[in-house]
Amino acid sequence: MTPMTRVGFLLAALFTVALTGGGVRAQDDLCAEAEARYRALKGAPSAGANPPVVLLYNYAFCPREVRAKAGSVIRFVNVDKRTSHSVWFKAAGKAESERFFPGEHVDVTLDLAPGAHEVLCGPHWEHQNMRGQVVVTP
Ligand SMILES: [Cu+2]
């Protein structure tokens, strides 16, 4: 292999990583799939659900960011095929939730100070970067 060919392969590899590295479009596609799975499970869209719903799917929170009032409840629903997840406001000093399985959910009361709070999935935040954000409003 000539040096130029090697550079070409390297560039192609880098380009492939850039294209598949979890950009905004990939997140949108993922969340569209998650929504389709929610509808299949519940027979209704997640939008307008009460309590408001965040989907956990393929190592992502959908939507990635949600806003809700302090003291209100958010329902985190696992719409995955076989992976269990948890919900953990680690930086806020909260305990991690139980792990919950496909079709199951966890309701979290937002007893958090107003502001942005990162929410992690316990088993997947370190290696799969499964993180979301909840903006608590007064
Ligand atoms: Cu997870």
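About the criteria used
Residues numbered from 1 in each chain as written. Predicted model: local features only at pLDDT ≥ 70, side-chain atom pairs only at ≥ 80, totals over all residues. Heavy atoms only, no water. Helix = DSSP H or I, 4+ residues; strand = E, 2+ residues; numbered from the N terminus. Donors = N, O, S within 2.8 Å, 3.2 Å for Na, K, Ca; no water. Tetrahedral: all angles 85-135°; square planar, octahedral: opposite > 155°, others 65-115°. Buried < 20%, exposed > 50% of the residue type's maximum accessible area, 1.4 Å probe, protein only. Disulfide = S-S within 2.5 Å. Polar contact = N/O pair within 3.5 Å; in protein donor to acceptor, adjacent residues only side chain to side chain. Contact = heavy atoms within 4.5 Å.

**Digging into unusual backbone geometry**
And step 1. The residue after Asn50, namely Pro51, is reached through a cis peptide bond having omega 0°.
And step 2. Positionally, Pro51 belongs in the loop between helix H2 (24-42) and strand E1 (53-57).
And step 3. Between Cys62 and Pro63 the backbone carries a cis peptide bond, its omega angle lying at -5°.
And step 4. At Tyr59, a residue that is not glycine, the phi angle is positive and equals roughly 65°.

**Some details on the coordination of the copper ion**
And step 1. For the copper ion, the protein coordination sphere consists of His85 (ND1), Cys121 (SG), His124 (ND1) and Met130 (SD), at 2.0 to 2.7 Å.
And step 2. Seen from the copper ion, its four donor atoms lie at angles of 93 to 127°, and the figure they make is tetrahedral.
And step 3. Classification of Cys121 as buried rests on a relative accessible area of 0%.

**As for the state of the cysteines**
And step 1. The full count for this structure, using the stated rule, is one disulfide.
And step 2. Across the disulfide, Cys31 is cross-linked to Cys62 (sulfur-sulfur distance 2.0 Å). Because the sign of the S-S torsion sets the handedness, a value of about -85° for the bond joining Cys31 and Cys62 places this disulfide among the left-handed ones. In this pair, Cys31 is assigned in helix H2 and Cys62 in strand E2 (residues 60-62), connecting sequence segments 31 residues apart.
And step 3. Judged by relative accessible area, Cys31 falls into the buried class, the value being 17%.

**Quick look at the side chain of His124**
And step 1. Structurally, His124 can be placed in the loop between strand E6 (115-120) and strand E7 (131-137).
And step 2. Under the relative-accessibility criterion, His124 is labelled buried at 9%.
And step 3. One polar contact links His124 to His85, side chain to side chain, over a distance of 3.2 Å.
And step 4. In this structure, His124 is in contact with Tyr59, Thr83, Ser84, His85, Asn129 and Met130, ignoring residues within four places of it in sequence.

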